[in-house]
Amino acid sequence: MNIPIEVLFLTSGVGALQSAFFGVYLFTLKKGRQVSNLLLALLLLAFAVRMIKSVTYYFAEGHDVPRLLQNVGYAANLAILPLLWLYLNSFLRNDFKLRWRRDIIHFAPSAFAVLLSPVLTSHFWMDQHGYTFSLLLMGCYIPFCFFLIYKHFQAMVRTHKIWIVCLTTGITVVWAGYTANFVFHLVPYITAPVIFSFVIYFMSYLGLQQNNIFIRETKYLNSTFSSQELESYFERLQHIMQENELFKDPLITLPKVARQLMVSTHLLSEAINKKGRQNFSDFVNTYRVAAAKSLLQKTENNH
């Protein structure tokens, strides 16, 4: 099926613009996940530059683009996966701190592409395997990104799981599109920019629906309780909830349960939030739903 060139241009071009607008929006956020939002903004802007270069290259007569735009595009491409790696660390790890002296090494290839722009030509990128090397180098980050997600997956709330998995998968699919085109010659070059357009609009939709993605929870930021203490109290809570069937009490409240455990409501709330990744209401409803499912599965309740 032949897709009109105007449709391809519009579809691929708007993705680059949307990525740029999304990145600029994140720069304007004054509160929230400041480091994470900064890295995500840089990631989106790098993608915007990469897509502008790709669209220009594809639709230009003879695929002839200015050398500076070409090298800046390749430099942006070399920065995307390192930015994703740092963004995931800043988003998933509470102890992460961006240290430029340590992390700047990730951007050395990208910096070289810009600094050597006067001497790097299409011959280097296309005929001397520079582009192939850059694609393979970026691909090395992908398994580490997914392993990091796997390592922290259970600790994430559902919204964050969807966001992180979709973002990483989307970027991986775009990388795969470029690799499938240039290395394996399986798909047209315009495939990756078109895929990216769908990815960026979907991610923009998720971001608008769940703006807590860009805001770090600060409710328990100054907590004095250790992780081991919270784990111990959460296990005690689970025990009495199951043994005493407290969830059957229609008037159950957080203070009432806290009194039974002889702890403060603040401590109990923090234990549920951090160890159960739920609020008190959702925590209780989990037991109620489980009990209802158990009753429905019994043959004597078939009526």
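Here, the structure is the one placed above.
In this report, we go over the structure that sits alongside the text. Nothing here was measured: the structure is a model prediction, and the numbers come from that model. (Residues numbered from 1 in each chain as written. Predicted model: local features only at pLDDT ≥ 70, side-chain atom pairs only at ≥ 80, totals over all residues. Heavy atoms only, no water.)

Details of unusual backbone geometry
Basically, it comes down to this: Here a helix means four or more residues in a row that DSSP labels H or I, a strand means two or more in a row labelled E, and each is numbered from the N terminus.
Even without a glycine there, the phi angle at His63 is positive, about 55 degrees. With respect to the helices and strands, the residue His63 is situated in the loop between helix H2 (34-59) and helix H3 (67-92).

Quick word on the pattern of salt bridges
Our working rule: Whenever a carboxyl oxygen of Asp or Glu lies within 4 Å of a side-chain nitrogen of Lys or Arg, that contact is scored as a salt bridge. Each residue is assigned to one of three classes by its accessible area relative to the maximum for its type, calculated with a 1.4 Å probe on protein chains only: buried under 20%, partly exposed between the two thresholds, exposed over 50%.
All chains considered together, the criterion is met by 4 salt bridges. In this structure, Lys275 and Glu231 form a salt bridge, with 3.9 Å as the shortest nitrogen-oxygen distance. Residue Lys275 is located in helix H13 (residues 265-275), and its partner Glu231 is located in helix H11 (residues 227-243); the two are separated by 44 residues in the primary sequence. By relative accessible area, Lys275 is classed as partly exposed at 27%.

A closer look at the side chain of Thr132
Put simply, the rule reads: It only takes one pair of heavy atoms within 4.5 Å for two residues to be counted as in contact.
On the secondary structure map, Thr132 appears in helix H7 (residues 130-139). Residue Thr132 is classed as buried on the basis of its relative accessible area, which comes to 18%. Excluding its chain neighbours within four sequence positions, the residues that come into contact with Thr132 are Phe182 and Val183.

Describing the packing of aromatic side chains
Each aromatic ring pair is described using two quantities: the centre-to-centre distance and the angle formed by the ring planes. For the record, the criterion: Each Phe, Tyr or Trp ring, with Trp reduced to its six-membered ring, pairs with another whose centre is within 6.5 Å; inter-plane angles below 30 degrees give stacked pairs, above 60 give edge-to-face pairs, and intermediate values give tilted ones. Any Lys NZ or Arg CZ found within 6 Å of a ring centre and within 35 degrees of that ring's normal is scored as a charge over the ring.
A full pass over the atoms with the stated rule returns 17 aromatic pairs. Ring centres of Phe9 and Phe59 lie 5.2 Å apart, and the angle between their planes is 85 degrees; this geometry places the pair in the edge-to-face category. Here Phe59 lies in helix H2 and Phe9 lies in helix H1 (residues 5-28), a separation of 50 residues in the sequence. When the ring of Phe247 is compared with that of Tyr287, the centres are 5.9 Å apart and the planes differ by 15 degrees; the resulting orientation is stacked. Placement of the pair is Phe247 in the loop between H11 and helix H12 (254-261) and Tyr287 in helix H14 (residues 280-296), with a sequence separation of 40 residues. Using a relative accessible area of 7% as the deciding quantity, one classes Phe247 as buried. An aromatic cluster is defined as three or more aromatic residues linked by ring pairs; in this entry it consists of Tyr74, Phe124, Trp125, Tyr131 and Phe182. Looking at Arg50, its charged tip hangs above the ring of Tyr178, at a distance of 4.0 Å from the centre. Lys53 extends its terminal NZ or CZ atom over the ring of Tyr57, reaching a point 5.0 Å from the ring centre.

Side note on the environment of Trp175
Following the sequence through the fold, Trp175 ends up in helix H9 (residues 158-182). Take Trp175: its relative accessible area is 21%, and that puts it in the partly exposed class. A C-alpha to C-alpha distance of 9.7 Å links Trp175 and Leu136, two positions 39 residues apart in sequence. Residues within four places of Trp175 in sequence aside, it is in contact with Leu135, Met138, Gly139 and Ile142.

Some thoughts on the nonpolar core
This is how it is decided: Put simply, buried Ala, Val, Leu, Ile, Met, Phe, Trp, Tyr and Cys residues joined by side-chain atoms within 4.5 Å make one nonpolar core.
By size, the foremost hydrophobic cluster in this structure holds 57 residues, and its most contacted members are Leu40, Tyr87, Trp163 and Ile164. Listed by contribution, the elements that provide at least two residues to this core are H1, H2, H3, H7, helix H8 (141-152), H9 and helix H10 (191-209).

Considerations on the state of the cysteines
Threshold: Cysteine sulfur atoms are paired as a disulfide whenever they fall within 2.5 Å.
Taken as a whole and judged by the stated rule, the model has 0 disulfides. There is no disulfide at Cys140, and the cysteine sulfur nearest it, in Cys145, is 11 Å away. Judged by its relative accessible area of 46%, Cys140 is partly exposed. Counting only cysteine sulfurs, Cys145 is the nearest neighbor of Cys166, a cysteine outside any disulfide, at a range of 15 Å.

Overview of the packing of H1 against H10
Here is the rule: Axis definition: a line fitted to C-alpha atoms, limited for helices to the stretch in contact. Angles are taken between N-to-C directions and run from 0 to 180 degrees. Small angles under 35 degrees read as roughly parallel and large ones over 145 as roughly antiparallel, with 65 to 115 read as roughly perpendicular and the rest as oblique. Helix crossings fall into two classes, left-handed where the near helix is turned counterclockwise from the far one by less than a right angle and right-handed where it is turned clockwise. Each residue is assigned to one class: nonpolar for Ala, Val, Leu, Ile, Met, Phe, Trp, Tyr, Cys and Pro, charged for Asp, Glu, Lys and Arg, and polar for all the others, Gly among them.
Two elements in contact, H1 and H10, have axes whose closest approach is 8 Å; the angle formed by their N-to-C orientations is 40 degrees. For the element pair H1 / H10, the angle class is oblique. Judged by the sense of rotation from one axis to the other, the crossing of H1 with H10 is left-handed. Contacts from Leu8, Thr11, Ser12, Val14, Gly15, Ala16, Gln18, Ser19 and Phe22 in H1 reach Pro193, Val194, Phe196, Ser197, Phe198, Ile200, Tyr201, Met203 and Ser204 in H10. Looking at the contact of H1 with H10, its residues break down into 11 nonpolar, 7 polar and no charged.

Points about the packing of H2 against H3
One way to put it is that H2 packs onto H3 with a least axis distance of 8 Å and a crossing angle of 155 degrees. Between H2 and H3, the angle falls in the class roughly antiparallel. The chirality of how H2 crosses H3 is left-handed. Across the contact of H2 with H3, the residue classes break down as 18 nonpolar, 6 polar and 2 charged.

So, H7
With 7 of 10 residues buried, H7 is to be regarded as a mostly interior element. Within H7 the residues assigned to the buried category are Gly130, Tyr131, Thr132, Ser134, Leu135, Met138 and Gly139. Lining the buried residues of H7 we find H2, H3, helix H6 (122-127), H8 and H9.

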